[in-house]
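Reading the structure
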Amino acid sequence: MEKMEDCTHYAKVIRSAPLLIAVFLDQETMYNRTKDIQAIGAAIQNMLLSCCDLGLGAVWLGEILNSKEKVNLILSCPGSMELMAVIAIGHPAQEASGTSRKGLKEVCFEEKCSRKWR
Ligand SMILES: Cc1cc2nc3c(=O)[nH]c(=O)nc-3n(C[C@H](O)[C@H](O)[C@H](O)COP(=O)(O)O)c2cc1C
């Protein structure tokens, strides 16, 4: 885990987390790259939601992908395993502070349809 600190700008997150989960795409067994990556994103989201449910803190680390070859070396993973993310998990040091998000109206488009549904 100490070696993993050198793989990302978010070394502080890694240092303060007692558990890291590295998530890989197995390029040898994947059947559709796009769908498999979508499934991995959903799996990561489920892990984050479970952590939240358990009262744990978790951070999705994507910036570490800039050093994915180095991570593979540290974890002795073959090149066919492509790093997708690292999830840092621990006990939250403080209450989560609210973040600024765009309002639904900014990101959703509602089309009015005159057709009647049966
Ligand atoms: C694809 C992806 C990559 C991310 N990579 C990082 C990262 O490298 N470092 C980090 O601190 N947070 C990373 N995050 C977490 C976000 O910064 C943010 O905390 C998270 O999306 C939760 O959003 P919220 O703060 O609006 O609840 C990433 C999130 C996603 C979806």
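What you see as residue numbers is a count from 1 along each chain, following the sequence as written. Confidence filtering applies because this is a predicted model: local features only for residues at pLDDT of at least 70, side-chain atom pairs given and counted only at 80 or more, and all residues used for totals across whole chains, interfaces and linings.

Some thoughts on the overall build of the protein
Only DSSP runs of H or I covering at least 4 residues are called helices, and only runs of E covering at least 2 are called strands; the numbering of each starts at the N terminus. Scanning the protein for helices and strands turns up five helices and three strands. Overall, the protein shows an N-to-C arrangement of helices and strands of α-α-β-α-β-α-β-α. With C-alpha atoms as the basis for the radius of gyration, the globule rule is written as 2.2 Å multiplied by the number of residues raised to the power 0.38. For 118 residues, the compact-globule estimate of 2.2 N^0.38 gives 13 Å, and the C-alpha radius of gyration of the protein, at 18 Å, exceeds that figure by more than 25%. By its C-alpha atoms, the protein is 60 × 40 × 25 Å across when sized along the principal axes. By the convention adopted here, residues are in contact when the distance between their C-beta atoms, placed from the backbone, does not exceed 7 Å. Sequence-distant contacts, at least 24 apart, represent 72% of the contacts inside the protein between residues at least 6 apart.

Concerning the nonpolar core
Here, a nonpolar core means buried Ala, Val, Leu, Ile, Met, Phe, Trp, Tyr and Cys residues linked by C-beta atoms lying within 7 Å of one another. Our exposure labels follow a C-beta count within 10 Å of each residue's own C-beta, placed from the backbone: buried means 20 or more other C-beta atoms, exposed means 12 or fewer, and partly exposed covers the counts in between. Within the largest apolar cluster, 11 residues are counted, these being Met4, Cys7, Ile14, Ala17, Ala58, Leu61, Ile64, Val71, Leu83, Val86 and Ala88. Here this core takes three residues from strand S3 (residues 81–90), the largest share from any one element.

Some thoughts on the site of the ligand
Being near a molecule or strand means, for a residue, that its backbone-placed C-beta atom lies within 6 Å of it. The immediate surroundings of the ligand are formed by Tyr10, Val13, Val59, Trp60, Leu61, Gly62, Glu63, Thr99 and Arg101. Broken down by element, the residue count for the shell around the ligand peaks at three residues, all from strand S2 (residues 57–61). Residues are grouped as follows: nonpolar covers Ala, Val, Leu, Ile, Met, Phe, Trp, Tyr, Cys and Pro; charged covers Asp, Glu, Lys and Arg; every other residue, Gly included, is treated as polar. Its residues assigned to classes, the shell around the ligand comprises five nonpolar, two polar and two charged.

Quick notes on the sheet that holds strand S1 (residues 19–26)
DSSP-based pairing: two strands are paired if at least 2 bridges between them are found. The strand order S1-S3-S2 describes an open sheet built from three strands, whose pairing is antiparallel. Pairing within the sheet leaves two strands with one partner each, and these edge strands are S1 and S2. Strand-to-strand twist of the sheet, defined as the mean angle between neighbouring strand axes without regard to direction, takes the value 25°. Here eight bridges tie S1 to S3, and the two strands are oriented antiparallel to one another. Bridge assignment links alanine 22 to a residue of S3, and that residue is valine 86. Helix axes are fitted only over the stretch in contact, all axes being lines through C-alpha atoms; the angle between N-to-C directions runs from 0 to 180 degrees.

Notes on helix H3 (residues 33–53)
By this rule the span expected of a helix is its residue count minus one, scaled by 1.5 Å. Its 21 residues give H3 an end-to-end C-alpha distance of 30 Å, which sits within 8% of 30 Å, the value for a rise of 1.5 Å per residue. Glycine 55 sits one or two residues past H3 and shows a positive phi near 80°.

Topic: unusual backbone geometry
For serine 76, which is not glycine, the phi dihedral falls at a positive 50°. Secondary-structure assignment places serine 76 in the loop between helix H4 (68–74) and S3. By the C-beta count within 10 Å, which is 6 here, serine 76 ends up exposed.

Considering the pairing of S3
Bridge analysis of S2 against S3 gives five bridges, and the strand direction is antiparallel. Residue pairing in the sheet places alanine 58 in a bridge with isoleucine 89 of S3.

Here we look at the environment of isoleucine 74
Within the secondary structure, isoleucine 74 is located in helix H4. Along the backbone, isoleucine 74 and serine 100 are 26 residues apart, and their C-alpha atoms lie at a distance of 36 Å. What isoleucine 74 contacts, discounting residues up to four positions off in sequence, is Lys3 and Met4.

What to know about the environment of isoleucine 87
Among the secondary structure elements, isoleucine 87 is positioned in strand S3. Since 18 C-beta atoms lie within 10 Å of it, isoleucine 87 is described here as partly exposed. Each C-alpha atom, one on isoleucine 87 and one on arginine 115, is 46 Å from the other, the two residues being 28 residues apart in sequence. Setting aside residues up to four positions removed in sequence, isoleucine 87 forms contacts with Ile21, Val23, Ile44, Met47, Ala58, Trp60 and Leu61.

Read these as layout, nothing more, since geometry by itself doesn't imply function.
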